[in-house]
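One-letter residues, chain by chain:
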Amino acid sequence: KKRTPGLPESFLNKLSRIFSPNMLGRVLKTLESKNPTTFRINSLKISRSQALQEFKRLNIVTRNVEWFQDAFVLIRPDLNELSKTELYIKGRIYVQNLSSMVPPLALSLKESDSVLDLTAAPGSKTTQMAALMHNAGEIIAFEKDSVRYQKLLANLRYQGVLNTEAHNIDSLGAWRDYFERFDKVLLDAPCTAEGRFHTARPKTYRYWNQVKVKNMAKKQKGLIRAAFSCLKPGGLLVYSTCTFSPEENESVVNYLLKKFPDCCFVEPIKINLKSTMPGLTSWSGVSFNPSLKNCIRIIPDGIMEGFFVALIRKTDS
């Protein structure tokens, strides 16, 4: 019988440097278990009270999420059954991990906002932002990969999004046409996706190594610089990843703070999440800007995936 290879040793070592021994055990346990299905109501198509009536009628049992009233944890039936309901088929609900719902919420969106969403496909956060803005204001969404771009377009249509214009272009050059144009920018960056590793599914982590982490970090630095350049003075940028590596998280934000020391500040995130820790202020012998402690690292807890979120203000220099 072929033995399943375990998680890479250097990845486990890294986790043991990020988390306390007690916490590490809990984190590793979540990488072995299956998360329950979580979803949010698409308020562009159904109100919360209508959705709750539908849950009752269809015998869908859910648990509320304290920090986001449109989000739910599915207790029964399973996702397979849920996906056969009209709620799902008509795009009135959207299946999404709870951690992934945090970055749009951190932006404190208003109906009058002009928003840029970089590397936007498949559009879970784009559609969430459109719902939070009640289809008002404007969202410009970029996706470089043409297959993923088609998925993004399909999702926008499916979810009834009207305030978003999508472009099949590389986000790295966005600043040329959109310099200091947006009130809010979301950069949910491509990453090594360590928060989605599952010990029973080697394909979720087989590709991983430290070189991959380094290459990703390089790409992320280019993207965060482009994102920041598109932001108006006074505007907010959310940088997020679904990975643990500080090289792809705090290091990237610290790079931005060093590039723009006079007009860049990391703000606290005011969402009352239970399972988080502050951003690290040093890694591998390098000290970071002290404001990095305002970032949050979502600790996987069996419902939420590992995630990193930074809220960055462009101040008037």
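Given the structure is predicted, the values throughout are model-derived calculations rather than measurements.

Thresholds, definitions, all that
- Residues numbered from 1 in each chain as written.
- Predicted model: local features only at pLDDT ≥ 70, side-chain atom pairs only at ≥ 80, totals over all residues.
- Heavy atoms only, no water.
- Helix = DSSP H or I, 4+ residues; strand = E, 2+ residues; numbered from the N terminus.
- Areas by Shrake-Rupley, 256 points an atom, 1.4 Å probe, with all protein chains shown as cover.
- Lys, Arg positive; Asp, Glu negative; His and termini not counted.
- Charge placed at Lys NZ, Arg CZ, Asp CG, Glu CD.
- Axes fitted to C-alpha atoms, helices over the stretch in contact; angles between N-to-C directions.
- Parallel < 35°, antiparallel > 145°, perpendicular 65-115°, else oblique.
- Left-handed = near helix turned anticlockwise from the far one by under 90°.
- Contact = heavy atoms within 4.5 Å.
- Nonpolar A, V, L, I, M, F, W, Y, C, P; charged D, E, K, R; others polar.
- Phe/Tyr/Trp six-rings, centres within 6.5 Å; stacked < 30°, edge-to-face > 60°.
- Buried < 20%, exposed > 50% of the residue type's maximum accessible area, 1.4 Å probe, protein only.
- Lys NZ or Arg CZ within 6 Å of the ring centre and 35° of its normal.
- Pairing = 2+ DSSP bridges.
- Disulfide = S-S within 2.5 Å.

(A) Expanded view of the overall build of the protein chain. Scanning the protein chain from terminus to terminus reveals 11 helices and 15 strands. In terms of its C-alpha atoms, the protein chain occupies a principal-axis envelope of roughly 55 × 55 × 35 Å. Of the roughly 14900 Å² of accessible surface on the protein chain, a fraction of 51% belongs to carbon and sulfur atoms. Seen as two clouds, the 46 positive and the 29 negative side-chain charges of the protein chain have centres 6 Å apart.

(B) Broad picture of the packing of helix α1 (residues 9–18) against helix α2 (residues 21–30). Between α1 and α2, the shortest axis-to-axis distance is 9 Å and the interhelical angle comes to 135°. Between α1 and α2, the interaxial angle falls into the category oblique. The handedness of the crossing between α1 and α2 comes out as right-handed. From α1, L12, L15 and S16 reach across to α2, where they touch L24, V27 and L28. Here the residues of the contact of α1 with α2 are counted per class, giving 5 nonpolar, 1 polar and no charged.

(C) Looking closely at the packing of aromatic side chains. Applying the stated criterion to the full structure yields 12 aromatic pairs. Relative to F244, the ring of F19 lies with its centre 5.9 Å away and its plane at 85°, an arrangement referred to as edge-to-face. Remark: F244 occurs in the loop between β9 (231–241) and α11 (250–259) and F19 occurs in the loop between α1 and α2; sequence separation between them is 225 residues. Pair check on accessibility: F19 and F244 agree, each one buried. Each residue in the set F11, F19, F197, Y205, Y207, W208 and F244 is aromatic and connected to the rest through ring pairs, giving one cluster. The side chain of K314 reaches across the aromatic face of F179, ending 5.9 Å from its centre.

(D) Spatial organisation of the sheet that holds strand β1 (residues 38–41). Spatially, 4 strands are ordered β2-β3-β1-β4 in an open sheet, and the strand pairing comes out antiparallel. Both edges of this open sheet fall to β2 (61–64) and β4 (93–95), since each of them pairs with a single strand only. On average, adjacent strands in this sheet sit at an angle of 40° to one another, irrespective of strand direction. Of the pairings in the sheet, the one linking β2 to strand β3 (residues 71–76) comprises 4 bridges and is antiparallel in character. Bridge assignment links R63 to a residue of β3, and that residue is V73.

(E) Geometry of the state of the cysteines. Inspection of the entire model under this criterion finds 0 disulfides. C191 supplies the cysteine sulfur nearest to C242, a cysteine that is in no disulfide, at a spacing of 3.5 Å. C264 takes part in no disulfide bond, and the closest cysteine sulfur to it belongs to C263, at a distance of 6.3 Å. We classify C264 as buried; its relative accessible area is 10%.

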